[in-house]
Structures are given as C-alpha cells and as structure tokens.
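Descriptive structure summary
What follows is each chain in one-letter form.
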Amino acid sequence: MAKETTYDMTKGNPAKLLILFTIPMFIGNVVQQLYSAVDSIVVGHFVSVEAMAAIGATSSMLFFFMNMAVGLSNGMGIVMSQYFGAKNEKLLQRASANALIVTLVAATVMGGLGMICARPLLELMKTPADIIDMSHLYISISYGGMFCLLGYNVTASILRAVGNSRAPLYFLIFSSFLNIVLDLVFVLVFHWNVAGVAIATLTAQAVSALLSVSYIYRHYPMLRFKLRDIKPDWEIITRVVKIGLPMSLQSACFAAGMMVIQATINSYGTTVVAGYTAAVRVETLTWMIPTTIGTSISNYAGQNAGAKDIDRIQKGLKAAVKICIISSIVYLTGTSMLKLFIDNQPEILKVAQEFLFVNATFYMFIGLVMIYNGTLRGIGDVGLPMFSAFIELFIKV
C-alpha cells in the first residue's frame, strides 16, 4: 500500500492532518474546475463571446447533474472511510466492487435524463435565441459522457476514503494539461468550436479515471476485486444510497437554485450572461477552499466515526472552522482573475465585478455551512444538511 501518501486520520494532530490532506485535494479541485474554465477561455478568445456565453448558459444544468453524481460518489467515499477507520478490509473490498455497479447505474440514469431534458430546460430558462443551439450541443455531449465524470469522482473518493488525496491530484493535473491541449487542437485545428471543448473535457476526464483505477489496483490490495465479485451487495448499496442520495438531493437543491438564477440572468441578454459566466468561473475557483475543507472533514469524521472516537471528531471540527475563517480573505482577490475570461469588454467586466463583490460579503458563512454539513455527513447524519438545503432553495427561489 502507498503508505507515504495515505493518512490514517484516527491518530495524530487533527489540524495538521486536515491541512496535509486538504492541500492536494484543494489543488485537485481547482484543477478540475479548470476543465470548464479552460473551455470558456478558449472559445471566448478563439471563437466568440457568444460561444463563451453558450457554455455559461449551461453551467447550472451541468452543475445539477454533476452535483448529483458527486453526492453519490462522496456517499461511497464516506462509507468506505468508515470501513477503513474500523480496519475492516473485507467490507472495503466488497464496497470497491459495488462502487462500479453504482457508477454504471448512476451514469446511465443521469446521462440519459440529462440528454432528454436538455433542450426543454434551456428553453424554460429563457436561453437567448442566438446561443441556444450551441448551448444544446455542448450540454448534450457533456451529458452523454457522464460516465467519464462519475468514473473519476468515484475513484478519487475511494482513494480519499483510505486517506490518499495526492494520487488523484497527480492524475488530475496530467489530464488537465491534456484537456488544454485537446481544447486548442479541436478548436484551432479542427474548428469544432463548442463541440470540440466538450469532447476534449470528456476525453481528459476518462484518462483521469483510468489512471486512478490503475493506481488503486497496483497500490491497494484491500480494494482489488475480480469479475466474479461484481455483484450487488444490498447492505452496502443501501448504506451508500442512504448517505449519498441525501447528499445528491442537497446538491440538487443548490443546483436548482442556480438554475433559477440562470433563468433570470438569461432574460437580460447575452452581455449579462457572458459577465455572469466569467464571474461564476472565478467564484467557483475561490469557493474551492471551503468546499475542499468540507470534503476533508467528511473523510476525517468518517474514519473517526468508524473508530468510534467522538472526542477526536470535535477537535477536528474546531480546527476546520479556524482554517476556513483564515482562508476567507482569498475571495477578495477574485476580481483580478476576471481578465482571464474577458478581453476588452468593459460592459461585461462591470457585470462580473458587481456579482463577485456581493458574493464576497457572504463567503465566510457559506464556508461554515460546508464544514458543519461535511462533519455531519462523515458521521452518517445526512438529514440536517439535506433539510438546510431545502430551506436554502426555498429562500433563493
């Protein structure tokens, strides 16, 4: 087993463990967000502002199904982190085999529903007529490759469950560079425009997933399984669904609120959609700190819940809150990154700056919600986070 990159969070200094575990995962999350950010940068500079707006108009729709997928994969990760904390290798192996089943079923259902609902949702959200065809093409290709996205997220969650947050980062960095190269090739050489950047993203995600699977089989014997082991274990699947489904619903509520906002934004025309798109790209990057800390504390709490050490979970929670408060200043640098997406477009830049200024006011509160929800999910209590998500959706609408 790759001991040098694996953290047993049931012992050692909680704050140090969380920082060491969070840093690679934070970098990985930023790199993963660069997939869609690079898509916008490439088409914004080499195709048209309309093409960038077309991709931006789909962000909330893609976010909806992506968060559903991530919720299920995180549910799998929490269950496996509890098995790892309890040192139960037999259940870890069975859970690893069932992760494949969950991935196949979830990717098929979500990808199929996404492709069927894509055009009606774009129309419902009042997507401007001059970009709706490009938006539909981009989102349809993205939904069609849902297995690539879910495959990486599940394998990364499995590695994080056993305390390894570095390996997924290395594979993600490689595939991110691959995505940049493919974006440029497909747009500048083949002139595939929005279709090209969508295909490039899916290809890079598939490579990332394959590298993660290969690493797991080489370095973690406890997670290996044979073809005959791929059969439903309903006890494990029930635990995954019990934890993962509320997490998916919680994420879906947040994404549904984003879709309501997107529909409002779309009604103001292409210029505002473009400004909002650029601002959301920057916002997503800066939000990676509290998001990553929330995921880290989930794994930390999961391992210690498996070890039945509640006092240690409380110490980790206090450490995570302190880290979040200190990191909140990072959001203030967000506006300086806008020019990556907007080139000599003062009206669009003004819209983006206003959006980031308002959001910066509430950054710390969002971070605290993510940390407390992450802790609750790690110990298996998913009811309160899901309820808070419904409240948030109601107020947002």
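Up top is the structure.
Now for a quick tour of the structure.

1. Here's the deal with helix 3 (residues 59-85)
If you check helix 3, its first and last C-alpha atoms are 37 Å apart, about what 27 residues at 1.5 Å a residue would give, namely 39 Å. Most of helix 3 sits inside the fold, with 22 of its 27 residues counted as buried. Of the residues one or two after helix 3, K87 is the one with positive phi, at around 60°.

2. Observations regarding unusual backbone geometry
Positive phi values are uncommon outside glycine, yet H191 reaches one of about 60°. As for its placement among the helices and strands, H191 is situated in the loop between helix 7 (166-189) and helix 8 (193-219). The backbone of K308 shows a phi angle near 60°, a positive value even though the residue is not glycine. Residue classification places K308 among the exposed positions, given a relative accessible area of 73%.

3. Quick look at the side chain of S140
Within the secondary structure, S140 sits in helix 5 (residues 132-144). Look past the residues within four positions of S140 in its chain and what remains in contact with it is M115 and A118.

4. Observations regarding the nonpolar core
Counting 48 residues, the largest nonpolar core has M61, M80, M110 and L223 as its most contacted members. Only helix 3, helix 4 (89-124), helix 5, helix 6 (146-161), helix 7, helix 8 and helix 9 (234-266) provide two or more residues apiece to this core. Top element by residues in this core is helix 3. It accounts for 11 residues. Apart from residues no more than four positions distant in its own chain, M80 is found in contact with L92, A95, S96, I158, A161 and L223.

5. Considering the packing of helix 11 (residues 288-306) against helix 14 (residues 363-378)
Axis separation between helix 11 and helix 14 bottoms out at 7 Å; the angle between their running directions is 20°. Comparing their axes, helix 14 and helix 11 come out roughly parallel. For the pair helix 11 and helix 14, the sense of crossing is right-handed. Here I289, P290, T291, I293, G294, I297, S298, A301, G302 and A305 of helix 11 lie close against helix 14, whose contacting residues are Y363, G367, M370, I371, G374, T375, R377 and G378. Residues belonging to the contact of helix 11 with helix 14 are distributed by class as follows: nine nonpolar, eight polar and one charged.

6. Overview of helix 11
Between its first and last C-alpha, helix 11 extends 27 Å over 19 residues, near the 27 Å set by a 1.5 Å rise per residue. Just past helix 11, the residue K308 takes up positive phi, approximately 60°.

7. Digging into the pattern of salt bridges
Counted by the stated rule, this structure contains five salt bridges. Taking the shortest distance from any N to any O, the salt bridge between E123 and R119 comes out at 3.5 Å. Here the residue E123 and the residue R119 both occupy positions in helix 4, the gap between them amounting to four residues, near one helical turn. Judged by its relative accessible area of 49%, E123 is partly exposed. Measuring nitrogen to oxygen at the nearest pair gives 3.0 Å for the salt bridge that ties D133 to R119. Of this pair, D133 sits in helix 5 while R119 is found in helix 4, placing the two residues 14 residues apart along the sequence. R119 sits in the partly exposed class, given a relative accessible area of 27%. Linked by salt bridges that have partners in common, R119, E123 and D133 make up one network.

Cut-offs applied
Residues numbered from 1 in each chain as written. Predicted model: local features only at pLDDT ≥ 70, side-chain atom pairs only at ≥ 80, totals over all residues. Heavy atoms only, no water. Helix = DSSP H or I, 4+ residues; strand = E, 2+ residues; numbered from the N terminus. Expected span 1.5 Å × (residues − 1). Buried < 20%, exposed > 50% of the residue type's maximum accessible area, 1.4 Å probe, protein only. Contact = heavy atoms within 4.5 Å. Core = buried A, V, L, I, M, F, W, Y, C linked by side-chain atoms within 4.5 Å. Axes fitted to C-alpha atoms, helices over the stretch in contact; angles between N-to-C directions. Parallel < 35°, antiparallel > 145°, perpendicular 65-115°, else oblique. Left-handed = near helix turned anticlockwise from the far one by under 90°. Nonpolar A, V, L, I, M, F, W, Y, C, P; charged D, E, K, R; others polar. Salt bridge = Lys/Arg side-chain N within 4 Å of Asp/Glu carboxyl O.

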